[in-house]
Amino acid sequence: MVVQCRVLFIFLGLQVVMMVLYHQGYHHQVSRVLNILSSSILSPTPANLIMKDVYSGLEQIQALNLTEDDLPSCPKSSPFLSGPLKVSFPLHLTMDEIAQKNPWVQMGGHYQPPNCWALHHTAVIIPYRARRKHLYQLLYHLHPFLQRQQIHYTIYVVHQIDNNTFNRGKLLNVGFKEAMKENNWQCIYFHDVDLIPEDDRNVYGCSVLPMHSAVAIDKFQYKLPYQTYFGGVTALRPTHYLKINGFPNNYWGWGGEDDDIASRIFLNKMFITRPPAAFGRYRMLKHGHDKGNEVNPKRFHLLSSTHIRWRRNGINTLNYKLLSKEQTQLYTNFTVNLGSSDQ
Ligand code: UD2
Ligand code: MN
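Thresholds, definitions, all that
Residues numbered from 1 in each chain as written. Chains lettered and ligands numbered in written order. Predicted model: local features only at pLDDT ≥ 70, side-chain atom pairs only at ≥ 80, totals over all residues. Helix = DSSP H or I, 4+ residues; strand = E, 2+ residues; numbered from the N terminus. Buried ≥ 20, exposed ≤ 12 C-beta atoms within 10 Å, placed from the backbone. Contact = placed C-beta atoms within 7 Å. Core = buried A, V, L, I, M, F, W, Y, C linked by C-beta atoms within 7 Å. Pairing = 2+ DSSP bridges. pLDDT = per-residue confidence, 0-100. Near = placed C-beta within 6 Å. Nonpolar A, V, L, I, M, F, W, Y, C, P; charged D, E, K, R; others polar.

> Hey, could you run me through the overall build of the protein chain in this one?
Secondary structure assignment for the protein chain yields nine helices and 13 strands. Sorting the 343 residues of the protein chain into buried and exposed places 37% on the buried side. Of the contacts formed within the protein chain by residues at least 6 apart in sequence, a portion of 83% connects residues at least 24 apart.

Have a look at this one:
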């Protein structure tokens, strides 16, 4: 009681100070202080909520003694959601260790809530080459993250095996095509291997608009670098993906393909939607520029002609060689040869 009185007293005192300052002409300063206070007191930022481990509570997942047909629908908001997560990076992760922590995940990186009928059916596609440590960290975090959301999902890794320059756009196209052969997915997430989500309210389901989920990344001080930014983690319904003719195949090396995809969306009269910044938070695992993914000097030139090219460069012109398809404990792996960079 005494503590409550003191808090109330301090609060009232602050209000009086603010009023006096305001009337003395310090409008700008007062509103700045109020903004800071309201954003830290009222908004659900990590500082004010108890941050849980991404695995906490998942031991409660239990199968019901019902056939699939009789399962109830999962609730709109999963009871496992806890908001901001305490993100930590265990050292020397192995596939077995991660699999043991995720007993409900089936071969191929497949999961379906055992106790309810999922509302979201999502394929997660990861473009990949030579980032094993990042991949294991992502798998360690993403599996429990998606189970917290009661989503039906599979994680697909599209591995560029050839020695040609890396091509993220083309790998994502391959991922889309191969994943859709496996299942009639309703939502496709395109996910960089090095982005670890920090808040489980960033639900990996599709909305009626193309989704850009990586709104606030630590690398960019948790701010959107620019308004049309569409990098990192994005999601589309298959119909929207097909409407924009998928992604460009001809961005070899680093950069530009994400802006090309954004242009395709705008050219098709769609808009981008985003989760609130407090939800769309990510940590990017540290890395430099990879060998074989050098900055693409042609990217600005290519971007200037997206409006001319998008119809004849995309999923309808995709060619690649699928060398193997393998089901591991934690993901389905597509190993591909993308061909050479001459197209
Ligand atoms: C930014 C974008 C990314 C993409 C890229 C330009 C963000 C958060 N991300 O990432 O979406 O548009 O710029 O191409 O802005 N990769 C490998 N092996 C490699 C090279 C790349 O696996 O040798 C994959 C991996 O999934 C990686 C992704 O490609 O996360 C993007 O490459 P990056 O992380 O090197 O580039 P970055 O962080 O600038
Ligand atoms: Mn990165």
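> Got a minute to help me understand the nonpolar core in this structure?
Side chains of a nonpolar character, in soluble globular proteins, are inclined to be buried together. The biggest cluster of nonpolar side chains holds 63 residues, and the ones touching the most others in it are I125, Y156, V158, I188 and Y189. When residues in this core are grouped by element, the largest group, eight residues, is from helix α4 (residues 132-148).

> Teacher, can you tell me more about the sheet that holds strand β9 (residues 216-217) here?
In any sheet, the strands associate via hydrogen bonds between backbone groups, in a parallel or an antiparallel arrangement. On the basis of which strands lie adjacent, the open sheet formed by three strands has the order β7-β11-β9 and mixed pairing. Taken across any chain shown, the strands that pair with only one partner, and hence form the sheet edges, are β7 (195-197) and β9. The sheet contact formed by β9 and strand β11 (residues 281-284) spans two bridges and is parallel. What sits directly across from A216, in β11, is R281.

> What should I look at first to understand the confidence of the model for the protein chain in this one?
Predicted coordinates in areas of low pLDDT are best not read in detail. When the pLDDT values of the protein chain are averaged, the result is 90; 85% of them are 70 or greater. Taken as a whole, residues 18-23 scores under 50 in pLDDT and shows six contacts with residues more than four places along the chain or in a different chain. With pLDDT under 50 throughout, residues 27-46 is counted as low confidence; its partners more than four residues away or in other chains account for 14 contacts.

> How should I be thinking about the site of ligand 1 in this particular structure?
Taken together, 23 residues sit near ligand 1, with D192, V193, G231, G232 and D290 positioned nearest. Elements that contribute at least two residues to the shell around ligand 1 include exactly β4 (121-128) and α7 (257-267). Among the elements that line the shell around ligand 1, the one with the most residues is β4, at three residues. In the shell around ligand 1, the residues fall into nine nonpolar, six polar and eight charged.

> I would appreciate a short explanation of the pairing of strand β6 (residues 187-191) in the present structure.
In summary, the side chains of a regular strand alternate between the two faces of the sheet. For β6, a buried count of five out of five residues is recorded, marking the element as mostly surrounded by other parts of the structure. Residues C187, Y189 and H191 of β6 are buried on one face, and the alternating residues I188 and F190, pointing to the opposite face, are buried as well. Summarising the sheet, β4 and β6 pair through four bridges and their orientation is parallel. Among the inter-strand pairings, A123 is bridged to a residue of β6, identified as I188.

> Whenever I open this one, unusual backbone geometry confuses me. Can you help?
Excluding glycine, most residues fall at negative phi; most peptide bonds, likewise, are trans. Here the phi dihedral of Y222 falls at roughly 60°; this positive angle occurs in a residue that is not glycine. Here Y222 lies in the loop between β9 and β10 (233-236). Positive phi, close to 60°, is recorded for K269, a residue that is not glycine.

> Got a minute to help me understand the environment of L146 in this structure?
As for its placement among the helices and strands, L146 is situated in helix α4. According to the C-beta neighbour criterion, L146 is buried, with 25 such atoms within 10 Å. Sequence spacing of L146 and Q112 is 34 residues, and the spatial spacing of their C-alpha atoms is 10.0 Å.

> I'm lost on α7 in this one. Help?
A large share of α7 lies buried, amounting to eight of its eleven residues. Residues of α7 that are buried: E257, D258, D259, D260, I261, A262, R264 and I265. In this fold, the buried residues of α7 make contact with α5 (168-182), α8 (299-303) and α9 (306-309). K269, located one to two residues past α7, shows a positive phi value of around 60°.

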